[in-house]
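# Structure at a glance
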Amino acid sequence: MTIRLPDAQGALRAYEPRTEPLALTPGAPFTSRTVFSAAHVVADPYADTTPDGPAAVDWDATLAFRRHLWSHGLGVAEAMDTAQRGMGLDWAGAAELIRRSAAEARDAGGRIACGVGTDQLTGGTLAEVRAAYEEQLAVVEEAGAQAVLMASRALAAAARGPEDYLETYGHLLRQAAEPVILHWLGPMFDPALEGYWGSADLDAATDTFLEVVAAHPDKVDGVKISLLDAGREVDLRRRLPQGVRCYTGDDFHYPELIAGDDQGFSHALLGVFDPLGPLAAQAVRVLDTGDAQGFRHLLDPTVELSRHLFQAPTRFYKTGVVLLAWLAGHQDHFTMVGGLQSARSLPHLTRAYELADRLGLFPDPKLAEERMRNLLSLYGVDQ
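## So, the overall build of the chain
What the chain contains, in helices and strands, is 14 helices and 10 strands. Structurally, the chain occupies a C-alpha span of about 60 × 50 × 45 Å along its principal axes. Among the 383 residues that make up the chain, the fraction classed as buried is 57%. Within the chain, residue pairs in contact and separated by at least 24 positions form 70% of the contacts whose partners lie at least 6 positions apart. As displayed, the chain has an accessible area near 15100 Å², and 49% of this comes from carbon and sulfur atoms. The average position of the 33 basic charges and that of the 52 acidic charges among the side chains of the chain differ by 2 Å.

## Examining the pairing of strand 6 (residues 146–149)
Side-chain alternation along strand 6 places Gln146 and Val148 on one buried face and Ala147 and Leu149 on a second face that is also buried. Bridging between strand 5 (residues 112–116) and strand 6 involves 4 bridges; their strand directions are parallel. Bridge pairing links Ala113 to Gln146 in strand 6. Taking the sense of rotation as the criterion, the β-α-β connection linking strand 5, helix 3 (residues 126–142) and strand 6 turns out right-handed.

## Here's the deal with empty space enclosed by the protein
Here the structure, examined in full by the defined rule, presents 1 cavity of 30 Å³ or more. Estimated volume of the largest cavity: approximately 90 Å³. Lining the largest cavity are 16 residues, and of these Asp81, Thr82, Lys224, Gly271 and Tyr317 sit closest to its centre. Mapped onto the lining of the largest cavity, the elements with two or more residues apiece are strand 7 (180–185), strand 8 (220–226) and strand 10 (267–270). Partitioning the lining of the largest cavity into residue classes produces 8 nonpolar, 5 polar and 3 charged.

## Here's the deal with the environment of Ala79
Its location among the elements puts Ala79 in the loop between strand 4 (75–78) and helix 2 (91–108). Placed 134 residues apart in sequence, Ala79 and Val213 show a C-alpha to C-alpha distance of 23 Å. In this structure Ala79 touches Arg85, Ala94, Leu97, Ile98, Gly115 and Met150, once residues within four positions along its chain are discounted.

## Considerations on the pairing of strand 5
Most of strand 5 is tucked away: 5 of the 5 residues are buried. Because side chains alternate across strand 5, one face comprises the buried residues Ile112, Cys114 and Val116, and the other comprises Ala113 and Gly115, equally buried. Across 3 bridges, the pairing between strand 4 and strand 5 is parallel. Bridging from a neighbouring strand, Val76 pairs with Ile112 of strand 5. With respect to chirality, the unit in which strand 4 leads through helix 2 into the neighbouring parallel strand 5 is right-handed.

## Examining the packing of helix 2 against helix 3
It is the contact of helix 2 with helix 3, at a shortest axis distance of 9 Å, that shows an interaxial angle of 20 degrees. By the angle between their axes, helix 2 is roughly parallel relative to helix 3. Considering only the axes of helix 2 and helix 3, their crossing is right-handed. The residues of helix 3 that touch helix 2, namely those facing Trp91, Ala95, Ile98 and Arg99, are Glu135, Gln136, Val139 and Val140. Classifying every residue of the contact of helix 2 with helix 3 gives 5 nonpolar, 1 polar and 2 charged.

## Description of the sheet that holds strand 6
Spatially, 8 strands are ordered 3-4-5-6-7-8-9-10 in a closed barrel, and the strand pairing comes out parallel. Pairwise comparison of adjacent strand axes, ignoring direction, gives a mean angle of 25 degrees for this sheet. Alignment of strand 9 (residues 245–248) against strand 10, held across 2 bridges, turns out to be parallel. What sits directly across from Tyr247, in strand 10, is His267.

## Observations concerning the environment of Leu269
Within the secondary structure, Leu269 is located in strand 10. In this structure the C-alpha to C-alpha distance between Leu269 and Leu172, which are 97 residues apart in sequence, comes to 21 Å. What Leu269 contacts, discounting residues up to four positions off in sequence, is Phe36, Ala38, Ala77, Met80, Ile181, Lys224, Tyr247, Thr248 and Gly249.

Reading guide: rules and limits
Residues numbered from 1 in each chain as written. Predicted model: local features only at pLDDT ≥ 70, side-chain atom pairs only at ≥ 80, totals over all residues. Heavy atoms only, no water. Helix = DSSP H or I, 4+ residues; strand = E, 2+ residues; numbered from the N terminus. Buried < 20%, exposed > 50% of the residue type's maximum accessible area, 1.4 Å probe, protein only. Contact = heavy atoms within 4.5 Å. Areas by Shrake-Rupley, 256 points an atom, 1.4 Å probe, with all protein chains shown as cover. Lys, Arg positive; Asp, Glu negative; His and termini not counted. Charge placed at Lys NZ, Arg CZ, Asp CG, Glu CD. Pairing = 2+ DSSP bridges. Right-handed = clockwise from strand over helix to strand, strands pointing away. 1 Å grid on protein atoms, 1.4 Å probe; cavity = no way out; pocket = protein on both sides within 12 Å on 5 of 7 lines; lining within 4 Å. Points joined across faces, edges and corners; volume = space filled by probe spheres on them. Nonpolar A, V, L, I, M, F, W, Y, C, P; charged D, E, K, R; others polar. Axes fitted to C-alpha atoms, helices over the stretch in contact; angles between N-to-C directions. Parallel < 35°, antiparallel > 145°, perpendicular 65-115°, else oblique. Left-handed = near helix turned anticlockwise from the far one by under 90°.

Here's what the structure looks like:
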């Protein structure tokens, strides 16, 4: 059986789906790397909502997907941008997500870290930015989760220079109950974050970022770098204080960064480990044995899919992530909060299906094929 898929020029071509998935089984947490998957939320398709209204979340399916990730030994990075923070999921929804997921993590024995931002605000003074951060930090800590201090659109707009970042983050780190993860999200993921850390010059911004870490090494578990620049991440990683982890957020170069070199390696907090979860977990277990070549053999072939999902405009990568979750049977529909299922073209979606199918990511390839045919029919593609 073949399925006809449209290419970027609109021409239909025949593709023969695979018939057997990869054999990927659950397992224990890893020993050589700390690995988080930034997990998406599942929308409630029956809710009467609008794209600019509060998100309607299918909590059962959302929490079931987190149990799926934990069962493979992955940690869950909750309420990050993969969950459409600031792109459909507002702070009220994120707070509920944090509380529910943290409770689920306790029951499942899973590791969880949760995003702390300022998305209650659309603007504001530095004092208001600090207060917004403090409110979210309190919710995460009360839930018993590790905090990820996310980059703030409001801080980027209010800050006059590096000193405002140093003061704001210093204030937050001094009051954090436990060590946090600092997240540097580049403007390719969110254009409103251009010039973060007080400068559009990445060398100057890196110096400020590292100054924050150096001033509070006991309050920084690690840093997450999402700049899609492997060389810069390696350079920054080598400049971190002893004991401070580097978590790669580079969805273009993650195999080489996680494998590392003779001077160190990166841990991981990745959006692409949402669709790649079981395969990524198997690869890291191979790395746990010291087999870096075997790790690369498993993970290198996934980079083509990841680069496709995260192609510009990168911030819309969530659409492909949710498509693959639907095709894999983790949810019953291809609907997203904020209507973001419309953010990618049909050729983009069909290419994501093809690349994921080639990797054997779908537990039931026949189900994935049937669902892809249904999607194609909605676009008027005659099979």
